[in-house]
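Next come the chains, spelled out residue by residue.
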Amino acid sequence: MATPHIAGLAALMKSANPALTPAQIESAIKANARALPGTCSGGCGAGLADAAKTVQAVLGGTPTGTTYSSSTAVSIPDNGSAIESPITVSGRSGNAPSNLRVGVDITHTYRGDLVIDLVAPDGSAYRLKSASGSDSADDVRTTYTVDASAESANGTWKVRVRDTAAWDTGRLNGWQLTF
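Residues numbered from 1 in each chain as written. Predicted model: local features only at pLDDT ≥ 70, side-chain atom pairs only at ≥ 80, totals over all residues. Heavy atoms only, no water.

- The protein goes by P/Homo B domain-containing protein in an unreviewed UniProt entry, where it is assigned to Streptomyces thermocarboxydovorans.
- The UniProt entry for the protein carries the following text under Sequence similarities (unreviewed entry): "Belongs to the peptidase S8 family." (UniProt positions renumbered as here; feature names shortened; annotations may be inferred.)

Printed below as a string of C-alpha cells:
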C-alpha cells in the first residue's frame, strides 16, 4: 500500500514544482520523512513519508506542524514576580501563523491565581490566561491558540507566568509552540 501513497506524493511535488527530477523527488521524500514510533535509530530507514512537510520543502517554505518545546522546569513563586521560560525558533521563513498553538504544562494548587502570557520575540505580550477567583481547580495543562501573524516567526519566544495571590506555589513543567 505504500506505493500509491508515494506516487501520489510525487505527483503533488511535481505539480508544486514541475522542474523536479526523479532524484530530487526521492531525496526530498527521504529528507522530510518522520521516524516510525518505537523503531530503531541509525541506519534502519526514516519511516513515514510526511507529505505536508515534503511539499512545503519543495516550495521553499518551512513546514507547518513543527513543534518547538522547553522541558526545563521553573518554580513559580507565591504571589511574587513573574517567571519566564524561553524557546528559540530559527530557520523559519516569514511570520508566525494566525493559529500558533501554545501548549502549557503547569502544576499549581489554585490555577485561578495564575496569569499566563506568551511573549513574542519583539516583546509583544499575548494574554493566554487571566487570573480568576472562580477558577479553583488544580494545574494548567492545555493548549491555547494565538493569532501571532504580526510577529516574526524566528527569535526567542517566552511564556511568562505570575502567581497573583498568596498561600500557594507552583511549577511551569514545560511548554511548546506548534507552527
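Quick word on helix H2 (residues 22–31)
Part 1 of the reasoning: Those residues of H2 that sit buried are Ile 25, Ala 28 and Ile 29. The buried residues of H2 occupy an angular sector of 100° when projected down its axis, which confines them to one face. Turned more than 90 degrees away from the buried face of H2 sit Ala 23, Lys 30 and Ala 31, all of them exposed. (Buried < 20%, exposed > 50% of the residue type's maximum accessible area, 1.4 Å probe, protein only. Helix = DSSP H or I, 4+ residues; strand = E, 2+ residues; numbered from the N terminus. Arc of directions from axis to C-beta.)

Details of the pattern of salt bridges
A side chain of one charge can pair with a side chain of the opposite charge if their charged atoms are brought near each other.
Part 1 of the reasoning: If you walk through the whole model with that rule in mind, you get 7 salt bridges.
Part 2 of the reasoning: Between Glu 84 and Arg 160 there is a salt bridge, with the nearest N and O atoms lying 3.1 Å from each other. Of this pair, Glu 84 sits in strand S3 (residues 83–89) while Arg 160 sits in strand S8 (residues 155–163); the two residues are 76 residues apart in sequence, bridging distant segments of the chain.
Part 3 of the reasoning: Here Arg 111 makes a salt bridge to Asp 135, at a shortest N to O gap of 2.8 Å. Of this pair, Arg 111 sits in the loop between strand S4 (100–108) and strand S5 (114–119) while Asp 135 sits in the loop between strand S6 (125–129) and strand S7 (140–146); the two residues are 24 residues apart in sequence, bridging distant segments of the chain.
Part 4 of the reasoning: What you see here is one network of salt bridges that share partners, running through Glu 84, Asp 117, Arg 127, Lys 158 and Arg 160. (Salt bridge = Lys/Arg side-chain N within 4 Å of Asp/Glu carboxyl O.)

Considerations on the nonpolar core
Part 1 of the reasoning: By size, the foremost hydrophobic cluster in this structure holds 28 residues, and its most contacted members are Val 102, Leu 118 and Trp 157.
Part 2 of the reasoning: The set of elements that each furnish at least two residues to this core consists of S3, S4, S5, S6, S7, S8 and strand S9 (170–178).
Part 3 of the reasoning: The greatest single-element share of this core, amounting to 4 residues, is contributed by S4.
Part 4 of the reasoning: Residues in contact with Val 102, not counting those within four places in the same chain, are Leu 118, Leu 128, Thr 142, Thr 143, Tyr 144, Val 146, Val 159, Trp 175, Gln 176 and Leu 177.
Part 5 of the reasoning: Leu 9, Leu 20, Ile 25 and Ile 29 belong to the second largest nonpolar core, which has 6 residues in total. (Core = buried A, V, L, I, M, F, W, Y, C linked by side-chain atoms within 4.5 Å. Contact = heavy atoms within 4.5 Å.)

As for unusual backbone geometry
Part 1 of the reasoning: Positioned with a positive phi, Asn 79 is a non-glycine residue whose angle comes to about 45°.
Part 2 of the reasoning: Looking at where Asn 79 falls in the secondary structure, it is placed in the loop between strand S2 (74–76) and S3.
Part 3 of the reasoning: Relative accessible area serves as the criterion here: at 43%, Asn 79 is assigned to the partly exposed category.
Part 4 of the reasoning: Even without being a glycine, Trp 167 presents a positive backbone phi close to 90°.
Part 5 of the reasoning: Inspection of the secondary structure puts Trp 167 in the loop between S8 and S9.
Part 6 of the reasoning: A relative accessible area of 83% places Trp 167 in the exposed class.

Section: the sheet that holds S6
Part 1 of the reasoning: The 4 strands are arranged S3-S8-S5-S6 in an open sheet whose pairing can be described as antiparallel. Every interior strand has two partners, whereas the edge strands, S3 and S6, have only one. Looking at each pair of strands side by side, their axes are set apart by 20° on average, direction ignored.
Part 2 of the reasoning: Of the pairings in the sheet, the one linking S3 to S8 comprises 7 bridges and is antiparallel in character. (Pairing = 2+ DSSP bridges. Axes fitted to C-alpha atoms, helices over the stretch in contact; angles between N-to-C directions.)

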